[in-house]
Amino acid sequence: GQQVQQSPASLVLQEGENAELQCNFSTSLNSMQWFYQRPGGSLVSLFYNPSGTKHSGRLTSTTVIKERRSSLHISSSQTTDSGTYLCALGSNYNVLYFGSGTKLTVEP
Amino acid sequence: EAAVTQSPRNKVAVTGGKVTLSCNQTNNHNNMYWYRQDTGHGLRLIHYSYGAGSTEKGDIPDGYKASRPSQENFSLILELATPSQTSVYFCASGDAGEVFFGKGTRLTVV
């Protein structure tokens, strides 16, 4: 089946620091999507990024297909960025296969 | 933005009872999905559909049925609910691009 590995599993930052979250996959992809989730909350789509680099405010997503990896960069972190970040690999019919997530804690 | 609505948002069911989780999307997406999320397992695919009348098994279909009577609606059915099916269930829809998720249904089977 599809294999999606995320790292690190958890990360603690001081407010203002930057974060780099990684997602590696073992098969070819049709799409790559990044989500944000608060405890007990819904999945908020951050990026649909099957290739290249995309920006949204303090967030940047980069997907390099031939290296089978995608990254999410958070600059100048804020306490409100705390939560879990999930990457998902899209397959046939755009079925998403999820990594296990990175739990981010930003301390004031 | 795509709208995916799940109902109910919370449900307590008894063991052996029948449970139906409903999902509606208003964006005319062909594909719809049901996932469950559990601590330690992440999000796992139960069933998906690529159009009205179709249902396909995902990675963990045992104990679940699905129904896609129309483009907009996709239901997940637990004929005989068990405590191991206590979880948070997410419905989603999407086509060639971005996939959008509903807010989730918290199901507790007692």
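Rules behind the numbers
Residues numbered from 1 in each chain as written. Chains lettered and ligands numbered in written order. Predicted model: local features only at pLDDT ≥ 70, side-chain atom pairs only at ≥ 80, totals over all residues. Heavy atoms only, no water. Helix = DSSP H or I, 4+ residues; strand = E, 2+ residues; numbered from the N terminus. Core = buried A, V, L, I, M, F, W, Y, C linked by side-chain atoms within 4.5 Å. Buried < 20%, exposed > 50% of the residue type's maximum accessible area, 1.4 Å probe, protein only. Contact = heavy atoms within 4.5 Å. Pairing = 2+ DSSP bridges.

### Structural notes on the environment of Ala81(B)
Right, so step 1: Structurally, Ala81(B) can be placed in the loop between strand E8 (75-78) and strand E9 (87-94).
Right, so step 2: Sequence separation between Ala81(B) and Thr26(B) is 55 residues, and the spatial gap between their C-alpha atoms is 29 Å.

### Observations regarding the nonpolar core
Right, so step 1: One finds Phe98(A), Tyr35(B) and Phe101(B) to be the most contacted residues of the largest nonpolar core, which totals 37 residues.
Right, so step 2: Counting residues per element, this core draws most heavily on strand E9 (residues 83-90) of chain A, at five residues.
Right, so step 3: Not counting the four nearest positions on each side in its chain, Phe101(B) is found in contact with Phe35(A), Leu43(A), Leu96(A), Phe98(A), Val4(B), Tyr35(B), Phe90(B), Cys91(B) and Ala92(B).
Right, so step 4: Counting 20 residues, the second largest nonpolar core, distinct from the first, contains Ala13(B), Leu21(B), Trp34(B) and Ile46(B).

### Side note on the pairing of strand E3 (residues 19-25) of chain A
Residue and element names in this part refer to chain A.
Right, so step 1: Of the two faces of E3, the one holding Ala-19, Leu-21, Cys-23 and Phe-25 is buried and the one holding Glu-20, Gln-22 and Asn-24 is not buried anywhere.
Right, so step 2: One ladder, built from four bridges, connects strand E1 (residues 4-7) with E3; its direction is antiparallel. Counterpart to Gln-6 in the pairing with E3 is Cys-23.
Right, so step 3: Bridge count for E3 against strand E8 (residues 69-74) is six bridges, and the pairing is antiparallel. When the sheet's bridge partners are listed, Asn-24 is paired in E8 with Arg-69.

The quantities given are spatial measurements derived from coordinates; they are silent on function.
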